[in-house]
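# Topology and contacts: notes
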Amino acid sequence: MLNPSEVQAGAGAASSSSSASAPEKSVPGNVPPLSLVRLDGNYFSRDGKRFLPVGAHWVPAKAAMEWPLQWDPKDIEADFAKMRGLGFNTVRLDLMWAWFEPRPGDYNPEAFKQLDYLVSLAHRYHIYLHPSLFIGGEVGEAYWDVSWRHGRNPQSDPEMLRLETNHAAELARRYANESAILGWDLTDEPPFWIVQGQTTDAMAINWTRLIAGAIRRYDHLHPIVVGVSMEDVGHGSFRPDNLRDEVDFFSVHPYTIYAPQLFPDAMLSERGTYGAAFETALSGSAGRPTMIQEMGASSAQYTPEAVAAFDRVSMYSSLGAGANGFLLWCFTDAAPEQYNKVPYLRSPHETQFGLTTWDRKDRPQGIEFRKFSQIVARLDLTGIEPAPAEAGIIVPNEWSKPHGDFSRFGLTGPEAIPYVSTSEGMAVAGQQPPNLSDDNAWLTGGWLSSFVLAHRAGLKADFPREYSDWQRHAMLLLPSPLTSTDAFLVHVHTDFWAKAREYVAQGGALYASVSADAAIPHMEQLFGARLADHVPVSDVTLKVVAPFGDLKPGETFHYPSVPNDPRHWAAILQVNGGKIIAVDQDGRPALVANSVGKGKTLLCAYPLESYLAAVPGVFDRPESTYRIYKAFADWAGVRPAFSSNQPSVEVRALNGQGRGYTVLANHTAQPQKVTVVTTLPVKSLHQFTPAGTSPLPLHGSSWTMDLQPYGGAVVEWQ
């Protein structure tokens, strides 16, 4: 238990616990206090200067999740000293509900004294705290419950909700003006506790709205987020679209190794190393800045060098995608004595996720993190924002809307005969929605394939929502099943296609792939071809028959299919006005290009993206489907500001007025000599290194540089 004499008096425990508008806390020694943080555009800002929060989640090596009960101030301060040495400016940590509130409405003063001590360390070592509330689960399968829950659901029971809002308000009251706090994380990886599978969209929205509202009763300074695990790609109730109006920024936890259906690959695969950027783009496109809040792998399962390489390329890739912070999982390995008891006893992999060993020695991933933190600390983000995407991959309204929302159904006024949806009615009646996991996997697999293909073609891709301003994109990508008709979750609404025709006529470029389940009204007007029938296929070959971009007649693309799955069947096209670019193995039209007004379209009769989604390690072998995307972009006149001559080397831009940064990420196991070409009037280049900057020679509109395997780089241009 806490020894009060070990708590720094200068931490301000008394003042912070007694007033909603507490005075500024004193700081030990002569170290100036941390400045208040706010969100400024996509990034965080302090003292008028933008910065990237970098650090990790803190679970002490020796005490693990029981650190409040095994309180050791000297050991904790040693952790902070080590974190500072690694380049941390932020640490995420857990506030155990049962410790802060052992009985309903009865708060533990020792818990707040401990938090005040952590605040004092934050100021001393200049490391912001990012507390996560209501922690029940964190490591392995353990759930640390409150003794008085009595089986009630914390996200739906009225009494539990009352107590939670009071709990959040109490923390906000005490720490409303505490500059050492970066922001409030409402909880880690909801839906939490032992009620998973019971949380509906409405519960998630209401819970987030209530807890955030309770904080805002006292605290109008600190940004709010709620940790979301992989609720985004999993179409969970805490997905970003449900939270957008309740929080200030999003977070993603891109654990690709735990999503084998979406990432059927080695950890160090090209698809796997795009996972962080993919989730950053998917969540960020819902309308809030997005932080990488947990990411990593265990060296009990992978070599430390492989984990370091994965972290490195993933951080650079997601930085280019617009991520505004990096708080990895986690600071340290578990101490060996923790192996003898739960949760580590039952979860061997959890023992070795650390940037350091349990006795604070650098691990390879810690060394890479320090280098990354030194580089991003040098960035001047004044006036800088992530460059807009050239390509937009549409997110259907049916995926993004809350279950039971009829607002886009086209119904107006009172109705004598009410419309009742067979799929939405259960939500209206307060029952569980249907299980749509298979449909969601179909959609996210297509999305991910299209995202990787676009980036391999040199195009930045994001995920505009169906009813957002997607017309600002130079190109739209609608991989199957976005063109389908049966499973409502995965396709666009019928009225989308009229808007798409107008978009293309005004100069837009639209690519779509279809399968047996496709249905597109008035298709000939857009694509110069219509659906005639469909056919099962097991072995697919597309042969180019007309020049298209850099595609030459006679070139082929080959794909395996699943003949007993209609989602993989071919669509038979009847061409009417379009130009056949490629045919299939039976001579049927496979790729059809068309001009509509000022714009262009390309239609594929096969769901290529779904094929790629089903093949393990598909991007780690010679794979050239991206050339179809690139040929279409070239034909349509879509040129990115920066592009590389290596499809596996990603080049993304962070732009300002007359200056900016290019962020490179090598998604392969081979060193790459890459040539970057720009369409901007760049006059000078400097590459950032941990030690400083070094000039790069510019040759006209291009430059050449070397990247290590799974390496990254940041280049400043002016």
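As a starting point, this report considers the structure included with it. Not measured: the values here are computed from a predicted model.

## Some remarks on the overall build of the chain
When its secondary structure is counted, the chain shows 18 helices and 31 strands. Scaling as 2.2 N^0.38, a compact globule of 718 residues should have a C-alpha radius of gyration of about 27 Å, and the chain matches this with 26 Å. The C-alpha extent of the chain, read off along each of the three principal axes, is 85 × 70 × 45 Å. A total of 718 residues make up the chain; the buried ones form 61% of that total. Within the chain, contacts between residues separated by at least 24 positions form 77% of all contacts whose residues are at least 6 apart in sequence. For the chain, the accessible surface area stands at approximately 25,400 Å², while carbon and sulfur atoms represent 51% of it. Separation between the mean location of the 58 positive side-chain charges and that of the 76 negative ones in the chain comes to 6 Å.

## So, the sheet that holds strand E19 (residues 556-560)
Pairing within the open sheet is mixed, and its 9 strands lie in the order E14-E13-E15-E16-E23-E22-E21-E18-E19. At either margin of the open sheet sits one strand with a lone partner, and together these are strand E14 (461-462) and E19.

## Details of unusual backbone geometry
Across the junction of Trp329 and Cys330, the peptide omega takes the value -10°, indicating a cis bond. Locating Cys330 in the fold gives a position in the loop between strand E11 (326-328) and helix H11 (364-377). Between Val342 and Pro343 the backbone carries a cis peptide bond, its omega angle lying at 5°. Although it is not a glycine, Phe134 adopts a positive phi angle of roughly 55°.

## Focus: empty space enclosed by the protein
A full pass over the atoms with the stated rule returns 3 cavities of 30 Å³ or more. In this structure, the second largest cavity occupies an estimated 40 Å³ of space. Contributing to the lining of the second largest cavity are Val59, Pro60, Cys330, Thr332, Asp333, Ala334, Tyr344, Glu350, Thr351 and Phe353. For the lining of the second largest cavity, the per-class residue count stands at 6 nonpolar, 2 polar and 2 charged.

## Section: the side chain of Arg627
Along the chain, Arg627 turns up in helix H18 (residues 626-636). Accessibility expressed as a relative area gives 17% for Arg627, which makes it buried. Looking at Arg627, its side chain comes within polar contact range of the main-chain oxygen of Asp550, at 3.3 Å. Ignoring anything within four residues of it in the chain, the contact list for Arg627 reads Asp550, Leu551 and Glu555.

## A few points about the sheet that holds strand E26 (residues 660-666)
The strand order across the open sheet built from 6 strands is E12-E25-E26-E31-E28-E29, with neighbouring strands paired in antiparallel fashion. Since the sheet does not close on itself, it has two edges, and those belong to strand E12 (385-386) and strand E29 (692-695), each with one partner. Bridging between E12 and strand E25 (residues 649-655) involves 2 bridges; their strand directions are antiparallel. By the bridge assignment, Glu385 is partnered in E25 with Asn655. Against the sheet, helix H10 (residues 304-321) engages E25, E26 and strand E31 (712-717), with an angle of about 140° to E26.

## Focus: the pairing of strand E1 (residues 37-40)
The pairing of E1 with strand E2 (residues 43-46) spans 4 bridges and is classified as antiparallel. Across the sheet, residue Arg38 finds its bridge partner in E2, namely Ser45. The turn linking E1 back onto E2 is made up of 2 residues, and Gly41 within it adopts a positive phi angle of 65°.

## A few points about helix H4 (residues 109-125)
Here H4 spans 25 Å end to end across 17 residues, near enough to the 24 Å set by a 1.5 Å rise per residue. The opening residue of H4, the one whose side-chain oxygen lies 3.1 Å from the backbone nitrogen of Glu110, is Asn108. His126 sits one or two residues past H4 and shows a positive phi near 55°.

## Side note on the packing of helix H2 (residues 73-86) against H11
Between H2 and H11, the shortest axis-to-axis distance is 8 Å and the interhelical angle comes to 60°. When the axis of H2 is compared with that of H11, the two are oblique. Side by side, H2 and H11 meet where Lys82, Gly85 and Leu86 of the first sit next to Gly366, Phe369, Arg370 and Ser373 of the second. Looking at the contact of H2 with H11, its residues break down into 2 nonpolar, 3 polar and 2 charged.

Conventions we followed
Residues numbered from 1 in each chain as written. Predicted model: local features only at pLDDT ≥ 70, side-chain atom pairs only at ≥ 80, totals over all residues. Heavy atoms only, no water. Helix = DSSP H or I, 4+ residues; strand = E, 2+ residues; numbered from the N terminus. Rg over C-alpha atoms; globule rule 2.2 N^0.38 Å. Buried < 20%, exposed > 50% of the residue type's maximum accessible area, 1.4 Å probe, protein only. Contact = heavy atoms within 4.5 Å. Areas by Shrake-Rupley, 256 points an atom, 1.4 Å probe, with all protein chains shown as cover. Lys, Arg positive; Asp, Glu negative; His and termini not counted. Charge placed at Lys NZ, Arg CZ, Asp CG, Glu CD. Pairing = 2+ DSSP bridges. 1 Å grid on protein atoms, 1.4 Å probe; cavity = no way out; pocket = protein on both sides within 12 Å on 5 of 7 lines; lining within 4 Å. Points joined across faces, edges and corners; volume = space filled by probe spheres on them. Nonpolar A, V, L, I, M, F, W, Y, C, P; charged D, E, K, R; others polar. Polar contact = N/O pair within 3.5 Å; in protein donor to acceptor, adjacent residues only side chain to side chain. Axes fitted to C-alpha atoms, helices over the stretch in contact; angles between N-to-C directions. Expected span 1.5 Å × (residues − 1). Parallel < 35°, antiparallel > 145°, perpendicular 65-115°, else oblique.

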